[in-house]
Amino acid sequence: VIAKELTENLHKFLANTYVTIGHMNGKTLLPLPPDDIYSSMEKNQHDKDSVHVLETAVVAWTRQIKDVLRLDPETVLKSGSHP
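Residues numbered from 1 in each chain as written. Predicted model: local features only at pLDDT ≥ 70, side-chain atom pairs only at ≥ 80, totals over all residues. Heavy atoms only, no water.

### Considering the overall build of the protein
Along the backbone of the protein there are four helices and zero strands. Listed by position from the N terminus, the elements making up the protein come as α-α-α-α. Looking at the 83 residues of the protein, the share that counts as buried comes to 12%. Taking the contacts inside the protein whose residues are at least 6 apart along the sequence as the reference set, 36% of them involve residues at least 24 apart. In the form shown here, the protein has an accessible surface area of approximately 7100 Å², with 62% of it arising from carbon and sulfur atoms. (Helix = DSSP H or I, 4+ residues; strand = E, 2+ residues; numbered from the N terminus. Buried < 20%, exposed > 50% of the residue type's maximum accessible area, 1.4 Å probe, protein only. Contact = heavy atoms within 4.5 Å. Areas by Shrake-Rupley, 256 points an atom, 1.4 Å probe, with all protein chains shown as cover.)

### Some remarks on helix H1 (residues 2–24)
In a regular helix each residue adds 1.5 Å, so 23 residues correspond to 33 Å; H1 covers 33 Å between its end C-alpha atoms and thus fits that length. In the stretch just after H1, Gly26 is the one whose phi turns positive, near 75°. (Expected span 1.5 Å × (residues − 1).)

### Focus: the layout of surface pockets
In this structure, the largest pocket encloses a volume near 1200 Å³. Considering the residues around the largest pocket, the lining is formed by 40 residues, among which Ala15, Asn16, Pro31, Ala57 and Ala60 are closest to the centre. Secondary-structure elements contributing two or more residues to the lining of the largest pocket are H1, helix H2 (35–43), helix H3 (48–70) and helix H4 (73–78). Tallying contributions element by element places H3 first for the lining of the largest pocket, with 13 residues. (1 Å grid on protein atoms, 1.4 Å probe; cavity = no way out; pocket = protein on both sides within 12 Å on 5 of 7 lines; lining within 4 Å. Points joined across faces, edges and corners; volume = space filled by probe spheres on them.)

### Comments concerning a nonpolar patch on the surface
Taken together, the side chains of Leu10, Phe13 and Leu14 make up a nonpolar region of the molecular surface, amounting to roughly 310 Å² of accessible area. Mapped onto the fold, Leu14 is located in helix H1. Overall, the relative accessible area of 46% leaves Leu14 in the partly exposed class. (Patch = residues over 30% accessible without salt bridge, like charges linked within 9 Å, V, L, I, M, F, W, Y side chains within 5 Å. Salt bridge = Lys/Arg side-chain N within 4 Å of Asp/Glu carboxyl O.)

### What to know about the pattern of salt bridges
Going through the model one piece at a time under the given rule, you end up with one salt bridge. Across the pair Asp67 and Arg70 runs a salt bridge, and its minimum N-O distance is 2.9 Å. Taken together, the residues Asp67 and Arg70, both in helix H3 and three residues apart, mark about one turn of the helix. For Asp67, a relative accessible area of 38% translates into the label partly exposed. On the basis of relative accessible area, Arg70 is assigned to the exposed category, the value being 62%.

### Side note on the side chain of Gln64
The topology assignment puts Gln64 in helix H3. Residues in contact with Gln64, not counting those within four places in the same chain, are Val19, Thr28, Leu29, Leu30 and Pro31.

### Side note on the environment of Thr62
Mapped onto the secondary structure, Thr62 falls in helix H3. Assessed through its relative accessible area of 36%, Thr62 is described here as partly exposed. Of note is the side chain of Thr62, whose polar atom sits 2.8 Å from the backbone oxygen of Val58. (Polar contact = N/O pair within 3.5 Å; in protein donor to acceptor, adjacent residues only side chain to side chain.)

Below, the structure is given as structure tokens:
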């Protein structure tokens, strides 16, 4: 249980780091779920933990996309920055 929780926290940290690097470069990067999720899904199609990880990724992607769409693109241009 502790190893599973530690692994989940590590993946969350890596995903947040990936997104932050994208923000620093002026890009929107959508982090992928860990590769081991796909192999466990192939073995057992009803693995609730794997489905939860994938659903969480989709929710995070949706949130990121909505945040980008909410931005006013004219604000970036008016400030002199180039998107």
